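Given next are the chains, with one letter for each unit.
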Amino acid sequence: MTEYTVADLLADPGRAGERVTIEGWVRTRRDSKAGVSFVHVSDGSSPQPIQVVAPSDLDNYQSEIVELTSGCAVRAAGQLVESQGKGQALEIRAESVQVVGWVEDPETYPIQPKRHSMEYLREVAHLRPRTNLIGAVTRVRHTLAMAIHQFFHDRGFYWIHTPIITASDCEGAGEMFRVSTLDLANLPRTPGGEVDFSQDFFGREARLTVSGQLNVEAYCLAMSRVYTFGPTFRAENSNTRRHLAEFWMAEPEIAFADLQDDVDLAEAFLKSIVTRVLEERQDDMAFFDRWVDKGCISRLEKLASSQFERLRYGEVVERLRRSGRSFEFPVEWGADLQSEHERYLTEELVGRPVAVTDYPKSIKAFYMRQNDDGDTVAAMDILAPGIGEIIGGSQREERLDVLDARLAELGLPAEDYWWYRDLRRYGTVPHAGFGLGFERAMQYITGVDNIREVIPFPRAPNQAEF
RNA sequence: UCCGGCGUAGCUCAGAGGUAGAGCAGGUGGCUGUUAACCACCGGGUCGGCGGUUCGAAUCCGUCCGCCGGAGCCA
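It should be emphasised that the depicted structure is a prediction, and the values quoted were computed from it without experimental measurement.

Draft legend 1. Representation of the side chain of Asp 196 within the structure. With respect to the helices and strands, Asp 196 occurs in the loop between strand 8 (178-179) and strand 9 (206-208). Despite its burial, Asp 196 remains without a salt bridge, the nearest opposite charge being carried by Arg 189 at 9.8 Å. A distance of 3.0 Å separates the side chain of Asp 196 from the side chain of Gln 199, its partner in a polar contact. Setting aside anything within four residues of it in sequence, one finds Asp 196 in contact with Leu 182, Pro 188, Arg 189 and Thr 190.

Draft legend 2. Spatial organisation of the sheet that holds strand 6 (residues 158-159). Reading across the sheet, the eight strands line up as 6-10-11-16-15-14-13-12 and stay open at both edges, with mixed pairing between neighbours. At either margin of the open sheet sits one strand with a lone partner, and together these are strand 6 and strand 12 (309-312). The pairing of strand 15 (residues 388-395) with strand 16 (residues 431-437) spans five bridges and is classified as antiparallel. Its bridge partner lying in strand 16, Gly 393 is registered against Phe 434. Contacting strand 11 (246-255), strand 12, strand 13 (354-360), strand 14 (376-384), strand 15 and strand 16, helix 5 (residues 259-280) crosses the sheet at an angle of about 30° to strand 16.

Draft legend 3. Just the packing of aromatic side chains, in detail. In total, this model carries 19 aromatic pairs according to the counting rule given. On the basis of an interplanar angle of 75° and a centroid distance of 6.1 Å, the ring pair of Phe 366 and Tyr 420 is categorised as edge-to-face. Of this pair, Phe 366 sits in the loop between strand 13 and strand 14 while Tyr 420 sits in helix 11 (residues 418-425), placing them 54 residues apart in sequence. Since its relative accessible area comes to 7%, Phe 366 is described here as buried. Measuring from ring centre to ring centre gives 6.3 Å for Trp 419 and Tyr 420, while their planes differ by 85°; the resulting arrangement is edge-to-face.

Draft legend 4. Structural view of the confidence of the model for chain A. Averaged over all residues, the pLDDT of chain A equals 91, while 99% of them reach at least 70. Here helix 2 (residues 118-123) is the element of chain A with the lowest mean pLDDT, 86, and strand 6 is the one with the highest, 98.

Draft legend 5. The arrangement of the sheet that holds strand 9 in detail. Within the open sheet, the three strands sit side by side as 7-9-8. Their pairing is antiparallel. Both outer strands of the open sheet, strand 7 (165-166) and strand 8, are each paired with one neighbouring strand and no more. For strand 7 and strand 9, the ladder comprises two bridges, and the chain directions are antiparallel. Residue Ile 165 lies in a different strand from strand 9, and its bridge partner there is Leu 208.

Draft legend 6. Local environment of a nonpolar patch on the surface. A grouping of Ile 164, Ile 165, Phe 201 and Phe 202 is seen on the molecular surface, where their side chains present a nonpolar patch of about 370 Å² in accessible area. Position of Ile 165 relative to the elements: it lies in strand 7.

Draft legend 7. Broad picture of the environment of Ala 365. Among the structural elements, Ala 365 can be located in the loop between strand 13 and strand 14. Spatially, the C-alpha atoms of Ala 365 and Gly 17 are 63 Å apart, while their sequence positions differ by 348 residues.

Draft legend 8. A look at the protein's contact with RNA strand B. Taken together, the neighbourhood of RNA strand B is formed by 48 residues, with Lys 86, Arg 122, His 243, Gln 338 and Arg 440 sitting nearest. Of all RNA strand B atoms lying within 4 Å of any protein atom, the proportion belonging to sugar or phosphate reaches 47%. A distance of 2.3 Å is found between a phosphate oxygen of RNA strand B and a side-chain nitrogen or oxygen belonging to Gln 338. In this structure, a phosphate oxygen belonging to RNA strand B sits 3.0 Å away from a side-chain N or O atom of Ser 339. Mapped onto the surface near RNA strand B, the elements with two or more residues apiece are strand 1 (19-32), strand 2 (36-42), strand 3 (50-55), helix 2, strand 11 and strand 15. Looking at side-chain class alone, the surface near RNA strand B contains ten nonpolar, 22 polar and 16 charged residues.

Draft legend 9. Summary view of the environment of Ala 245. Structurally, Ala 245 is set in the loop between strand 10 (225-233) and strand 11. Measuring from C-alpha to C-alpha, the distance between Ala 245 and Ala 355 comes to 26 Å, with 110 residues separating the pair along the chain. Excluding anything up to four places from it in sequence, Ala 245 contacts Phe 177, Thr 232, Phe 233, Arg 234, Arg 459 and Ala 460.

Conventions used here
Residues numbered from 1 in each chain as written. Chains lettered and ligands numbered in written order. Predicted model: local features only at pLDDT ≥ 70, side-chain atom pairs only at ≥ 80, totals over all residues. Heavy atoms only, no water. Helix = DSSP H or I, 4+ residues; strand = E, 2+ residues; numbered from the N terminus. Buried < 20%, exposed > 50% of the residue type's maximum accessible area, 1.4 Å probe, protein only. Lys, Arg positive; Asp, Glu negative; His and termini not counted. Salt bridge = Lys/Arg side-chain N within 4 Å of Asp/Glu carboxyl O. Polar contact = N/O pair within 3.5 Å; in protein donor to acceptor, adjacent residues only side chain to side chain. Contact = heavy atoms within 4.5 Å. Pairing = 2+ DSSP bridges. Axes fitted to C-alpha atoms, helices over the stretch in contact; angles between N-to-C directions. Phe/Tyr/Trp six-rings, centres within 6.5 Å; stacked < 30°, edge-to-face > 60°. pLDDT = per-residue confidence, 0-100. Patch = residues over 30% accessible without salt bridge, like charges linked within 9 Å, V, L, I, M, F, W, Y side chains within 5 Å. Areas by Shrake-Rupley, 256 points an atom, 1.4 Å probe, with all protein chains shown as cover. Near = heavy atom within 4 Å. Nonpolar A, V, L, I, M, F, W, Y, C, P; charged D, E, K, R; others polar.

Written out as structure tokens, the structure is:
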């Protein structure tokens, strides 16, 4: 491995004159019969490749260097010098260029130095990180993940590694993937003819988690400020640019806190992580701003500096009605907001993220805290222009009697929730939390349309090739 | 899952009943401190699969498969 990355070298003009080695993959090669070849080499560390100038008197010039094509892996050593040409400040005057790995058939190498469609690149997901776009996404994704951890760490939160496999069927947030070691071709049966899950690995039905929330609540009521950050799974047959079967979520949970604390946290959180990305990945953000979503930088700057609009669900319904706008789905108290409503609200009525609170209890989960009006719960969604719901959260029902009444109302067996109920029996406190869709945040930040481009290997219906 | 659209060269696309096209990529040669390089020439195709209509189908019809967009579910 080399001492410096391409990013290191390009970042510091003071290093000119040093003898350096870089390793990476060829983007383009141009020959000048005046006696040099220009080889752009990228190692993933920066949106810009470094230009390696290979003089024709190198031993392997004719035999190898002029044969280099996009995708070849090389190791180049030489002096870092100021460039004679335009387009880059520094370049490497090569004293050696070693070919580490050839491209087997340049004509069919899937990543060519040109624009490719996103759909095509998805078919070569193993090679697409070599493109400018996916490279930029990858660096921003890393930075965003680090920013999330940093935000929570700075505020005394503990990262809780909640389980991926859950044996309780009580999460209730959509279809779940089953986890089983049973022989599908020869399932054990109970006398009644049902599948006998007592013979399965966990001795009961097990699934992939749809949220770490219930588990993280347990740690919240001991550690006070906690969060989860990891993959979650939904087996919904969703075919949209905003859904994945496997995606990442960040879910903080705070004790001794109410819904306002929750919204405050969400707002500070979004502003912080966005600011961090803007600061640390100026180069990549400039790329997105230029090629993907013109204006995305100013949109993020605006988000970081302006106050979020806060509206109660009832107020939203009123304002949508009064707007005079006709919608495909009518706006009615008690019905969930449709995509078109959310869009109109965030993109036209308000023009920035909106925190909508206090939804009707009939359209929200059992664990959300009932308001005094009896009709609504202390829920909140943060809606962002362009992608809709980016954060969903609530104050949790901490009163055992109210929680039990709600479970009964929904026909959910209290015994399935025994340990969740225990948290209300032993030192219960008001607490709240929310979930941030990590890929949704990536979409919002980069302006990349399809969620399948902001995760390395997307999982969606009929999509698990890589 | 529902509605709509699209599958043509390695890639991006044009062609809409009558011999399969362009740009880029690749090869060869020329030119050049180049940078989406340029000029000339060359190779490259089961027109997504199957069936039908027709003298003749990439083109029209049916069906299946795949992908994309919107909706629903949600993050």
